[in-house]
Amino acid sequence: MISQVLILRELMVLAQGQELKLALGLWAWLLWAGLGSLAGGRRHWPEAPGAGLGRLGGLLALLGLMLPVTILAARSLPSLASLPLGQSLPLSTTFLLFVLLLAPVGLVSGYFFPGAVQVLAAGSPQRAAGRAYYLETLGAAGGVLLLQLFLVGRFANLSLGLALGLGLALAPWLLARPRSLAAQVALGLNLLVLAAAVLFAPRLEVASRSWEWPGRQVIATADSPYALLSAHREAEQISFYANNLWQFTYPDPLTAEHQVQLGLLEHPQPRRVLLLGGGVAGLGAEILKTRTVTSLTYVELDPHLVRLAQGLLPAAADLSQDPRVRIIYQDARRFLETTGQRYDVILLALPEPKNAQLNRFYTREFYRLVAGKLLPGGIFSFGLTGAETSLSPLRAAYLAMAYHTLGQVFPEVAAFPGGQVRFFASTGGGVLVSDPEVLVQRLKERQLALQYVREYYLLQDLSPWRRQYLDQVLRQPAPAVNTDLNPGCYFFDLVLSTVQEGLGVKEALLAMQKLPPAVPWAALALATGLAGVALRRRPGPSCLYQVGVMGVGTMAMEILGLVLYQIRLGSLYQQLGLLIAAFMAGMAAGSAAVSHWANGPRGGPRLLAGLQGGLAALAAAIALWLHGGWSGGAPGPEFWTLAGYVLMLAAAGFGGGGIFAASALIWHETGPAARVQGGRLYAADLLGATLGTLGVSLLVLPVWGVAAALWMVAFLHAGAGLMALLSPKS
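Right, let's walk through the structure included here. For every chain, the first residue of the written sequence is number 1, and numbering continues from 1 along that sequence. This being a predicted model, a pLDDT of at least 70 is required before a residue's local features are given, and a value of 80 or more before pairs of side-chain atoms are given or counted; all residues contribute to the totals for chains, interfaces and linings. Side-chain measures were taken over the full set of non-hydrogen atoms in the model, leaving aside hydrogen atoms and water.

### Focus: the nonpolar core
(1) Moving on: Counting 118 residues, the largest nonpolar core has L11, L102, M557, V706 and L710 as its most contacted members.
(2) Moving on: With 17 residues, the single largest contributor to this core is helix 24 (residues 539-569).
(3) Moving on: We call two residues contacting when some pair of their heavy atoms lies within 4.5 Å. Setting aside residues no more than four positions away along its own chain, M557 makes contact with L615, L618, A619, L649, A652, L710, V713 and H717.
(4) Moving on: As used here, the term nonpolar core means buried Ala, Val, Leu, Ile, Met, Phe, Trp, Tyr and Cys residues forming a set that is joined through side-chain atoms within 4.5 Å. Relative accessibility decides the category of a residue: with a 1.4 Å probe and only protein chains considered, values under 20% of the type maximum give buried, values over 50% give exposed, and everything between is partly exposed. A222, V325, L439 and L448 belong to the second largest nonpolar core, which has 50 residues in total. Put simply, DSSP H or I for four residues or longer makes a helix, DSSP E for two residues or longer makes a strand, and each gets a number counted from the N terminus.

Okay, structure coming up:
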């Protein structure tokens, strides 16, 4: 599991931090692991004492070598494949690269599980699959927790991969010493190569980072818990990237002036200003040009970004020395929930809602938090990508949704046209100014010597015909508003990205959004019914179906639980290891409990039905909670909120692990040998998890929302439980 996390961190860099593309990487990993498990289940492992352990040790040594090789290969792809630097990769290119990159390590890791089942079957054939699953998930829980709490952010990703690889290379010598001379030589060379690589890890780190930016001058990097940060010098400018995606360039007076000065000009005399993100990009210094500003609170999530910028940009270093400035390292939404301060102007300078994490800053719930922190006559402002001339229908609908969402919270909303459409909102009436003459007069009164926000450009950009066109676009009926639980902006950004990348899925996504609610439910019911009829008297395929549904449902609940935690507390990256470890520990406990307890009449289809029903009840209970009592805020101490999500994920994992072990017990009593069932059941689990990952991340969540996804999961588990009750043995 540590290997998976380290490789996924590299894939996140290739995917520019986009959840959609990262889901493709996770899907490719699970797919290859499932195929490897199928292949391993068909292979007969040696029964001689120690021979099976020796083969497992050899596989671990091979994984130890593949881990750093895969990390280095991922970093070399921009050079080898001539990928566009600092730009979003097309989905088709991302899919092909991830499938090829993850094939070796995925196949070997999947091949390992059925081998472990056969080794354990020598002592207890009936419990072998469940026990192997228990040990695997327990090790995964401990490994992820160790990585997240003590290693990530303290050591470079490649160094961690090399150290883990060296530890895995020692496995053959600890489990069962290689018998043949050829095996001893091969495993010894593997150990020496990894030991040498560990010694030269710092040089490898620098060299491999340069492979990611061929032809560019990389002057600094920082591997923070949130992203891989890098700074590049281009002539007189320095550009900053997070996960290889452009963040900002300094100096860039055009962007800084538009992001700051238009919002400040909307207020007659701004004194207290709150800046959410972007301070080190020059926005902080731009705000301080207005002499009436007496207090600037700058909120930034990642202190590594600030430190990196302060070491390279004099303006960023000077910002922390100004007595008017207070820098707070915290999630912007969490800060608004907990602060008692109120402000004249609040400027949002975070990236657009390209994923579920960022969407939470553009929802009705977030705007309510902002409205509560504005002083009377206060101004809130942010920007979204627009166009200098006409807007496409999709872009127009995207902007209209943002406009209507603001309108549900603020009584007064306005927008200025341009390549970046600037939105303004106020809690009072008659506050916002659209007349460029008034803005020009305020500009003169403040004696601001600006390059781009000046009289000529204001009169041109805010000409009557341009404002009228934008007003017509924004006032069109919006299909919905953007909320925490129904991320409409996420959906539109997903559709727009497919258009830009030339994919033919735009029409399919829009058609799915327009489907009557009964259609997806009818399709789900039909598929479940047909599976029940086809598998009722086929114990082996029925067990595979039960495990497959478990993989879909538990992975979906894990993803949705992480999304809900991110919306509520905004510190998902800090607690990701703990949350995943809770889920994996729950799976280990469920598998161990059923393997040791469910013998004879206590096991069988009724236990399986109870476990599926328990997961259905859990998903339904969360959905009911969202319908009845959800709030985007985090009431009470953060510890108890975290504890609640840990228990929820642990409960989902417990049910999933129990279903795997119960299915393995039932199949062992009725059919194939342990060596076949272990590989196939594990493959069904992984392939089901791939459907849960892609289905939730790319379809159900953006199209129908969180609550609908939970109800669908509840329906799937309830249907599988009913199938188990109606089986002949129940």
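### Considerations on the environment of Q447
(1) Moving on: Turning to its location among the elements, Q447 is positioned in the loop between helix 18 (436-445) and helix 19 (455-461).
(2) Moving on: In this structure, the C-alpha to C-alpha distance between Q447 and R291, residues 156 residues apart in sequence, is 9.1 Å.
(3) Moving on: In terms of polar contacts, Q447 uses its side chain to reach the side chain of R291, at 3.2 Å. In protein, a polar contact requires one atom able to donate a hydrogen and another able to accept it; more generally it is a pair of N or O atoms within 3.5 Å, and residues adjacent in sequence count only if both atoms are side-chain atoms.

### Focus: a nonpolar patch on the surface
(1) Moving on: Each patch is built from salt-bridge-free residues with over 30% relative accessible area, joining like charges within 9 Å and nonpolar side chains (Val, Leu, Ile, Met, Phe, Trp, Tyr) within 5 Å. Shrake-Rupley sampling with a 1.4 Å probe provides the accessible areas, and residues are treated as covered by the protein chains on show and by no other component. Salt bridges are identified by distance alone: a Lys or Arg side-chain nitrogen within 4 Å of an Asp or Glu carboxyl oxygen. On the surface, a cluster of nonpolar side chains totalling about 430 Å² of accessible area is made up of L181, V185, L189 and L192.
(2) Moving on: Secondary-structure assignment places L181 in helix 8 (residues 181-199).
(3) Moving on: A relative accessible area of 64% places L181 in the exposed class.

### Looking at the side chain of S208
(1) Moving on: Mapped onto the elements of the fold, S208 is located in helix 9 (residues 201-211).
(2) Moving on: Of note is the side chain of S208, whose polar atom sits 3.1 Å from the backbone oxygen of E205.
(3) Moving on: Beyond its immediate stretch of four places on either side in the chain, S208 contacts L72, R75 and L158.

### Some details on helix 23 (residues 518-535)
(1) Moving on: A helix's residues, less one, multiplied by 1.5 Å, set its expected span. With 18 residues, helix 23 ought to run about 26 Å at 1.5 Å a step, and its terminal C-alpha atoms sit 26 Å apart, in line with that.
(2) Moving on: Turning to helix 23, its buried residues number three or more, namely P520, L524, T528, A531, G532 and L535. Angularly, the buried residues of helix 23 cover 105 degrees about the axis, an arc narrow enough to put them on a single face. Turned more than 90 degrees off the buried face of helix 23, the exposed positions are A518, L526, L530 and V533. Here the arc refers to the set of directions running from the helix axis out to each C-beta atom.

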